[in-house]
Structure formats: structure tokens, C-alpha cells
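As a plain string of letters, each chain reads:
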Amino acid sequence: MMNIFRAFLILGLASILFNSCKERPKNIIKKVPIVFTKEGELSIYKQKEDTLITTFDIEFAENAYETETGLMYRKNMKDNQGMFFIFPDEQLHSFYMKNTEFSLDIIYIDSNLKIASFQKNTEPYNEMGLSSQVPVQYVLEIKAGLADKWLLKVGDKIRYTKN
């Protein structure tokens, strides 16, 4: 009787070991690309002449989650698109490029809707803080090089609308 018990015990342990060594199918997680959602428009005007420089389709970042993730995990963005961050009050803000796959121009905008400072041609994936250097209430992220292409300057004004 004891030998039969040992035999079943050995067979049971062998079965457990054999099955635990089998390669199980891995759960495959499908990554769904994050796509741009037009939620409004933003226009930039020359400071003195009040002439239109350019207009962007914008996606808003207003809550904590949207502000923290920003443009992370996106592959690219069109030249006429941007992400617009709205903060409850004017203060120093700092951004970084963690999990951001392409270079950006970050445009810091004060509470009077005037461009206050820039961080141009940011380095993808760099986690170093990119400060506004002055208190701001809004931030516009666009593809790198566009701030220079449009000759944007501190003092230029913006206007935006929500859909």
C-alpha cells in the first residue's frame, strides 16, 4: 500500500513539474495608437500689428491625467496640430519629454494670452525639466521647428476656442 502511495506521489510531482515547465501562451497586449482629437483652434498673432501668423488645431490638456501624459506615447503630430495646456493660475511650470517620441517646441503663455518664453527643439525621452522661466498659465506644444518657421516672438498673442 505504501509503494502504491509513493508511486502516485511521484507521478503527481512529476506531472506538476512537467506541466509547470511547459511554455504557456503569453498574453498579448495590443497597443492602440493614441490619435489626435481636435477639440478647438488656437491662432497666434503678431504683437504689434495684430496680424494672424498661423492657426493650429488643438487638443486640450486640462485635468491632472491629461497634463501629466501630454503627448507621451504618440508617434508624431502634424504641423497644424498642437496640445494646449490650461492651468488654474499663473505660476512657474516645468515640462519634460519622458515617453515623448518626437521633438517639440514648448511655448509658454502668460495669463494675458501673450507668449512669455520658449523651449525649442526639445530632446525626445529626456526627463530633464524644461522650465517656463517666468510665471505662465498656458502652454502650447507643437512640432519642433515651427516656432522658428513662424518667427514667433515673446509678446506675440494667442486666441483659442473650444469646439
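Located above this text is the structure these notes cover.
Position labels on residues start from 1 in each chain and follow its written sequence. Local features in a predicted model are, by the rule used here, given only for residues with pLDDT of at least 70; side-chain atom pairs are given and counted only at 80 or more, and totals for whole chains, interfaces and linings are based on all residues. Based on all heavy atoms of the structure, the side-chain values leave hydrogens and waters out of the count.

J.: Break down the sheet that holds strand E2 (residues 52-61) for me, citing the residues and quoting the values.
T.: Pairing is mixed in the open sheet, where seven strands are placed in the order E6-E5-E8-E3-E2-E1-E9. Taken across any chain shown, the strands that pair with only one partner, and hence form the sheet edges, are strand E6 (115-119) and strand E9 (157-162). Each adjacent strand pair in this sheet contributes to an overall mean axis angle of 30°, direction not counted. Two strands qualify as a pair provided that DSSP identifies no fewer than 2 bridges between them. Under the DSSP-based scheme used, a helix requires at least four consecutive residues in state H or I and a strand at least two consecutive residues in state E, with every element numbered from the N terminus. An axis is simply a line fitted to the C-alpha atoms; with a helix, the fit covers only the stretch in contact. Between two such axes, the angle follows the N-to-C directions and lies from 0 to 180 degrees.

J.: Give me the pattern of salt bridges: which residues, what numbers.
T.: We define a salt bridge as a contact between a side-chain nitrogen of Lys or Arg and a carboxyl oxygen of Asp or Glu at a distance within 4 Å. Applying the stated criterion to the full structure yields 10 salt bridges. Across the pair Asp156 and Lys46 runs a salt bridge, and its minimum N-O distance is 3.5 Å. Of the two residues, Asp156 is situated in the loop between helix H3 (146-149) and E9 and Lys46 in the loop between strand E1 (40-45) and E2; the sequence distance between them amounts to 110 residues. Of the charged contacts, one joins Lys120 and Asp148 as a salt bridge, the two residues approaching to 2.6 Å between their closest N and O atoms. Of this pair, Lys120 sits in the loop between E6 and strand E7 (130-131) while Asp148 sits in helix H3; the two residues are 28 residues apart in sequence, bridging distant segments of the chain. Exposed residues in this analysis have more than 50% of their type's maximum accessible area, buried residues have under 20%, and partly exposed residues fall in between, with area computed by a 1.4 Å probe over protein chains only. Assessed through its relative accessible area of 34%, Lys120 is described here as partly exposed. Here Asp148 falls in the partly exposed class, since its relative accessible area comes to 41%. Here the salt bridges share partners, and the residues they tie into one network are Lys38, Glu41 and Asp57.

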